[in-house]
Amino acid sequence: MKIKNLNLKNKTMKAAIFYGPRQVRLEEVSVPYIGSDEVLVKVRAALTCGTDRKMYLRGHHLFKPPFVFGHEFAGDIVKVGSKVNNFEPGMRVVAANSAPCNTCYFCKSGNYSLCDNLFIRLSGAFAEYIIIPGAIVSKNLLPIPKSVTYKEAALLEPLACVVHGVEESKINLGDTVVINGAGPIGLMYLQVVKLKGARVIITDKLEERLKLALKLGAYKAINISHIQDPVKEVRKFTEDERGADVAIEAVGLPKVWEQTIAMVRKGGLVNLFGGCDSGTKISIDTKLIHYSQMSIKGVFHHTPRHIKRALSLISYKSIDTNSLITHEFSLSEIFTVIEMMLAHKGIKIAVIP
Ligand SMILES: [Zn+2]
Ligand SMILES: [Zn+2]
């Protein structure tokens, strides 16, 4: 029997609304109406993300407040628009936070993350219901496999970015890879890089994160908070101190970008993944790039293909997702969640409406 659209007319919901930097309020608002190509999802689990932290502190140049805070989530469809064909109420789903246009030069050449008209949404998750816009419904909304929980599924988007990053890093069996940063992204990198058969050295300033990195299989976890020269320290753990085969930056600080470049061996590859504040610059020794023939690349976002691969990794249990979701709170405790996020406590925090 087909399940009907839920009647939510005149119903209200709890939502954490972002009004500007450091101004989030928990409010009772109307359940949103959906358009003919849209889907309404009852959020079952949402997760915090480094982007939420940045947005809380500084806002976001692409999005004007007010909007519902949070962007990583999974849930149940409760309503579909009249033109939506592949989805129906009752389905468990997870959505990416963007959709490529499929028609621009970059999409046509398969580089969807570089899409000129990339539709991005970074809001809506810390609420009881969320609208999935038509562009995402048609390209990046996926049913959740039975074996996957809502919380696990909510990890999809950041994991897809990491899957993209690892694919671009050309890692070989037996490589030594250094990852700078053991936050949620660094710890996901650690796990996916290990699947490629490499040995991982990871650095961070927080002991709690490094401990978790060791539990997740890091070969060396280095606390750089009291170390004069992190580059020298990392090189010590590579063969003949020649440097890592691949070096990945997962922090988003210009200084760490520079250090990451200095950690790679001759002919190695550097993946500068962490987004820095706009307007910042780094300096690189031209001689170093020339004589050591290194490759330096940026990797941004994900594509529908990476989204599907990431969901496979989650459903195959190839990734320890539970260790990454360190805390769980209800939506009414959102201010505790924000405080923890600001203090870098925990890795991912689940918010359950
Ligand atoms: Zn995120
Ligand atoms: Zn495009």
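Everything numeric in this text was worked out from a predicted model, so none of it was measured. (Residues numbered from 1 in each chain as written. Chains lettered and ligands numbered in written order. Predicted model: local features only at pLDDT ≥ 70, side-chain atom pairs only at ≥ 80, totals over all residues. Heavy atoms only, no water.)

A.B. asks: Looking at this model, I keep getting lost on the pattern of salt bridges. Mind explaining?
C.D. replies: As a working rule, side chains carrying opposite charge can pair if their charged atoms are close by. In the structure shown here, the tally under the stated rule is 13 salt bridges. With a closest N to O distance of 2.7 Å, lysine 348 and glutamate 72 form a salt bridge. Here lysine 348 is found in strand β18 (residues 348–352), whereas its partner glutamate 72 is found in strand β5 (residues 72–80), with 276 residues between them in sequence. There is no split in this pair, since lysine 348 and glutamate 72 are both buried. Here glutamate 328 ties to lysine 151 by a salt bridge, and the two come within 2.7 Å at their closest N and O atoms. Of the two residues, glutamate 328 is situated in strand β17 (residues 325–330) and lysine 151 in helix α4 (residues 150–153); the sequence distance between them amounts to 177 residues. Connected via shared salt-bridge partners are Glu167, Arg305 and Arg309. (Salt bridge = Lys/Arg side-chain N within 4 Å of Asp/Glu carboxyl O. Helix = DSSP H or I, 4+ residues; strand = E, 2+ residues; numbered from the N terminus. Buried < 20%, exposed > 50% of the residue type's maximum accessible area, 1.4 Å probe, protein only.)

A.B. asks: How do you make sense of the coordination of the zinc ion (ligand 2) when you look at a structure like this?
C.D. replies: Reference values for coordination geometry: four tetrahedral donors around a metal ideally subtend 109.5 degrees, six octahedral donors ideally subtend 90 or 180 degrees. Listed as protein donors to the zinc ion (ligand 2) are Cys101 (SG), Cys104 (SG), Cys107 (SG) and Cys115 (SG); their distances from the metal cover 2.3 to 2.4 Å. One way to put it: the 4 donor atoms around the zinc ion (ligand 2) meet at angles of 101 to 118°, and that makes the site tetrahedral. In terms of primary sequence, the donors binding the zinc ion (ligand 2) are separated according to C-x2-C-x2-C-x7-C. Placement of cysteine 101 in the loop between β7 (98–99) and α2 (105–108) and of cysteine 115 in the loop between α2 and β8 (119–120) is noted, with a sequence separation of 14 residues between them. Relative accessible area serves as the criterion here: at 8%, cysteine 115 is assigned to the buried category. (Donors = N, O, S within 2.8 Å, 3.2 Å for Na, K, Ca; no water. Tetrahedral: all angles 85-135°; square planar, octahedral: opposite > 155°, others 65-115°.)

A.B. asks: Any chance you could explain a nonpolar patch on the surface here in plain terms?
C.D. replies: Where nonpolar side chains cluster on the molecular surface, the patch consists of Ile284, Leu288, Ile289 and Ile296 and spans about 260 Å² of accessible area. Mapped onto the elements of the fold, leucine 288 is located in helix α10 (residues 286–292). For leucine 288, a relative accessible area of 33% corresponds to the partly exposed category. (Patch = residues over 30% accessible without salt bridge, like charges linked within 9 Å, V, L, I, M, F, W, Y side chains within 5 Å. Areas by Shrake-Rupley, 256 points an atom, 1.4 Å probe, with all protein chains shown as cover.)

A.B. asks: Could you clarify how one ought to interpret unusual backbone geometry in this entry?
C.D. replies: For residues that are not glycine, phi is negative in most cases, and the peptide bond is trans in most cases. Note the cis peptide between proline 65 and proline 66, where omega equals 0°. Along the chain, proline 66 falls in the loop between α1 (50–58) and β4 (67–68). Here the phi dihedral of asparagine 10 falls at roughly 65°; this positive angle occurs in a residue that is not glycine. When you line up the elements, asparagine 10 lands in the segment before β1 (12–20). Of note in this structure, asparagine 102 is not a glycine but carries a positive phi near 70°. Examined against the element boundaries, asparagine 102 turns out to sit in the loop between β7 and α2.

A.B. asks: Please clarify how the sheet that holds β1 should be interpreted in this entry.
C.D. replies: Hydrogen bonds between backbone groups are what pair the strands of a sheet, and the pairing can be parallel or antiparallel. Here we have 3 strands laid out as an open sheet, ordered β2-β1-β4, and antiparallel in their pairing. Across the chains shown, the open sheet's two edge strands, defined by having one partner strand only, are β2 (23–30) and β4. Two elements, β1 and β2, share 8 bridges in a ladder whose sense is antiparallel. From the neighbouring strand, glycine 20 faces β2, where its bridge partner is glutamine 23. Its contacts with the sheet place helix α12 (residues 334–342) against β1 and β2, and it is angled at close to 150° to β2. (Pairing = 2+ DSSP bridges. Contact = heavy atoms within 4.5 Å. Axes fitted to C-alpha atoms, helices over the stretch in contact; angles between N-to-C directions.)

A.B. asks: Is there a simple way to explain the coordination of the zinc ion (ligand 1) in this structure?
C.D. replies: Distances from the zinc ion (ligand 1) to its protein donors, Cys49 (SG), His71 (NE2) and Glu72 (OE), fall at 2.0 to 2.3 Å. For the zinc ion (ligand 1), all donor residues lie on one chain, and their spacing in sequence is C-x21-H-E. Glutamate 72 matches histidine 71 in its accessibility class, with the two residues each being buried.

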